[in-house]
Amino acid sequence: MFSPEAIQMIQESLAVEQLNKLDPVTQALQPVVFAPQEYKAHNLEQYLEARLRARGTFTTAVIPAFVTYVNEEAVNNAGEKLARCFVDDENLSAVAVFNFAHPEHEQGHCDNRATIRLKRTAVYQVLCDMSGSRIAQQGAAEFIEDYANYITAYDEAGAEMKLSRVVSTLRKLKIEAKRDSEHTVENFNQSRSLMESIEAKGDALPHTLSFSCEPYAGLGDYSISLRLSVIAGEAPVFVFRIIKPEELHQEFAEHFTQILTDGVDKQWCDVFMGSFSA
């Protein structure tokens, strides 16, 4: 008489034998066997010399590398447009899905991809960190000195100013106290209270600055406008602020989208605005 364990093993063996009688064509496309471990399917692809289909993710922050990879990988033997590229302009990123479509089915596995997400250049990152922050007198002068190759200063009339004179003025800026009943805030004059105000006195303080740099690799140079403000007190504090940063980001997004739209080969890959997940 068989024990319960032996009976279970016999039942499992008979079931596995039947499950593994797959059609030869099916086995060639996807080698799978059933083993008596809760009757789970086990994929044997890992034991073959190569994968049965391409999959994986290529990641980069370089636009030319992304475009080149997409155009090469999107080409397929089926001669059909199977790839899709989705551009997320808000986040300056994109994902290309090469097996989005399938020549014989409604959709592929969507697991063969290329992604790109732009990174700020080092100099633009410095500018973004600086924007809106309060900086001491010495720090403001050193910022203009260190990035003089990127900066052009303008007075209120729009005339260009010498940076050497601007730096000298920042270093020698004097603070005077005076009595005043007005409560006003200006670029170089901020009231302390209704009874006492502080004025920043100095020559050649710029009204605006133009900071020319490449914000993201592949987008080219942009002239970014900065407003310089002084917060007067016992010691002056300076604030450099990017003018209309939202509009600036929109310019970056439109430029990024246009580069990808022009660069991706439409014969093999369609481009869509938006994000994709599967």
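Check the entry above for the structure.
These remarks concern the structure in this document. (Residues numbered from 1 in each chain as written. Predicted model: local features only at pLDDT ≥ 70, side-chain atom pairs only at ≥ 80, totals over all residues. Heavy atoms only, no water.)

**Examining helix H3 (residues 63-73)**
Residues Ile63, Phe66, Val67 and Val70 constitute the buried set of H3. An end-on view of H3 places all buried positions within 95° of arc, on one side of the element. Those residues of H3 that are exposed and angled more than 90 degrees off the buried face are Pro64 and Glu72. Packed against the buried residues of H3 are strand S3 (56-60), strand S4 (83-88), strand S5 (93-97), strand S6 (112-117), helix H7 (245-263) and strand S17 (269-273). (Buried < 20%, exposed > 50% of the residue type's maximum accessible area, 1.4 Å probe, protein only. Helix = DSSP H or I, 4+ residues; strand = E, 2+ residues; numbered from the N terminus. Arc of directions from axis to C-beta. Contact = heavy atoms within 4.5 Å.)

**Thoughts on the environment of Asn71**
In this fold, Asn71 is placed in helix H3. Sequence-wise, Asn71 and Asp265 are 194 residues apart; in three dimensions their C-alpha atoms are separated by 5.9 Å. Apart from the residues within four sequence positions on either side, Asn71 is in contact with Gly263, Val264 and Asp265. A polar atom in the side chain of Asn71 sits 3.0 Å from the backbone oxygen of Gly263. (Polar contact = N/O pair within 3.5 Å; in protein donor to acceptor, adjacent residues only side chain to side chain.)

**Considerations on helix H6 (residues 163-172)**
All of the buried residues in H6 are Leu163, Val166, Val167, Thr169 and Leu170. Down the axis of H6, the buried set is contained in an arc of 160°. They therefore lie on one face. Opposite the buried face of H6, by more than 90 degrees, sit the exposed residues Ser164, Arg165 and Lys172. Lining the buried residues of H6 we find helix H5 (137-146), strand S8 (151-154), strand S9 (160-161) and strand S16 (237-242).

**Some points on the pairing of S16**
As judged from the three bridges shared by strand S7 (residues 134-136) and S16, these two strands associate in the antiparallel manner. In the strand pairing of S16, Ala136 is matched with Val237. Bridge count between strand S15 (residues 222-231) and S16: six bridges; the pairing is antiparallel. Each residue of the ladder has a partner; that of Arg227, found in S16, is Arg241. Taken together, S15 and the strand that follows it, S16, pair antiparallel across an intervening segment of five residues. (Pairing = 2+ DSSP bridges.)

**Brief notes about the nonpolar core**
Within the largest apolar cluster, 55 residues are counted, with the highest numbers of intra-cluster contacts made by Phe66, Tyr124, Ile144, Phe240 and Phe256. Every residue in contact with Phe256, bar those within four places of it in the chain, is listed here: Ile63, Val87, Leu92, Ser93, Ala94, Ile116, Leu118 and Leu219. Counting residues in each nonpolar core, the second largest holds five residues, with Val95, Val97, Phe100 and Cys110 among its members. (Core = buried A, V, L, I, M, F, W, Y, C linked by side-chain atoms within 4.5 Å.)

**Comments concerning the side chain of Asn99**
Note that Asn99 resides in the loop between S5 and S6. Polar side-chain contacts of Asn99 include one of 3.3 Å to the backbone nitrogen of Cys110. Not counting residues within four places of it along the chain, the set of residues in contact with Asn99 comprises Arg53, Ala54, Leu82, Gly108, His109, Cys110, Asp111 and Asn112.

**Quick word on the packing of aromatic side chains**
Scanning the model with the defined rule gives 16 aromatic pairs in all. With centroids separated by 6.2 Å and ring planes inclined at 5°, the aromatic side chains of Phe143 and Phe211 adopt a geometry described as stacked. With Phe143 in helix H5 and Phe211 in strand S14 (residues 208-213), this pair connects stretches of sequence that are 68 residues apart. Each member of the pair Phe143 and Phe211 is classed as buried. Plain terms: the ring middles of Tyr147 and Tyr150 are 6.0 Å apart, the flat faces sit at 50° to each other, and that makes the pair tilted. Using a relative accessible area of 32% as the deciding quantity, one classes Tyr150 as partly exposed. Linked through ring pairs, Phe143, Tyr147, Tyr150, Phe211 and Phe240 together constitute an aromatic cluster. (Phe/Tyr/Trp six-rings, centres within 6.5 Å; stacked < 30°, edge-to-face > 60°.)

**Here we look at the pairing of S8**
By the alternation rule, side chains of S8 split into Ile151 and Ala153, which are all buried, and Thr152 and Tyr154, of which none is buried. The sheet contact formed by S8 and S14 spans four bridges and is antiparallel. Bridge pairing links Ile151 to Phe211 in S14. Direction of pairing for S8 relative to S9: antiparallel, over a ladder of two bridges. Bridge pairing links Ala153 to Met161 in S9. Remark: five residues form the turn of the hairpin made by S8 and S9, two consecutive strands paired antiparallel; Gly158 in that turn has positive phi of roughly 90°.

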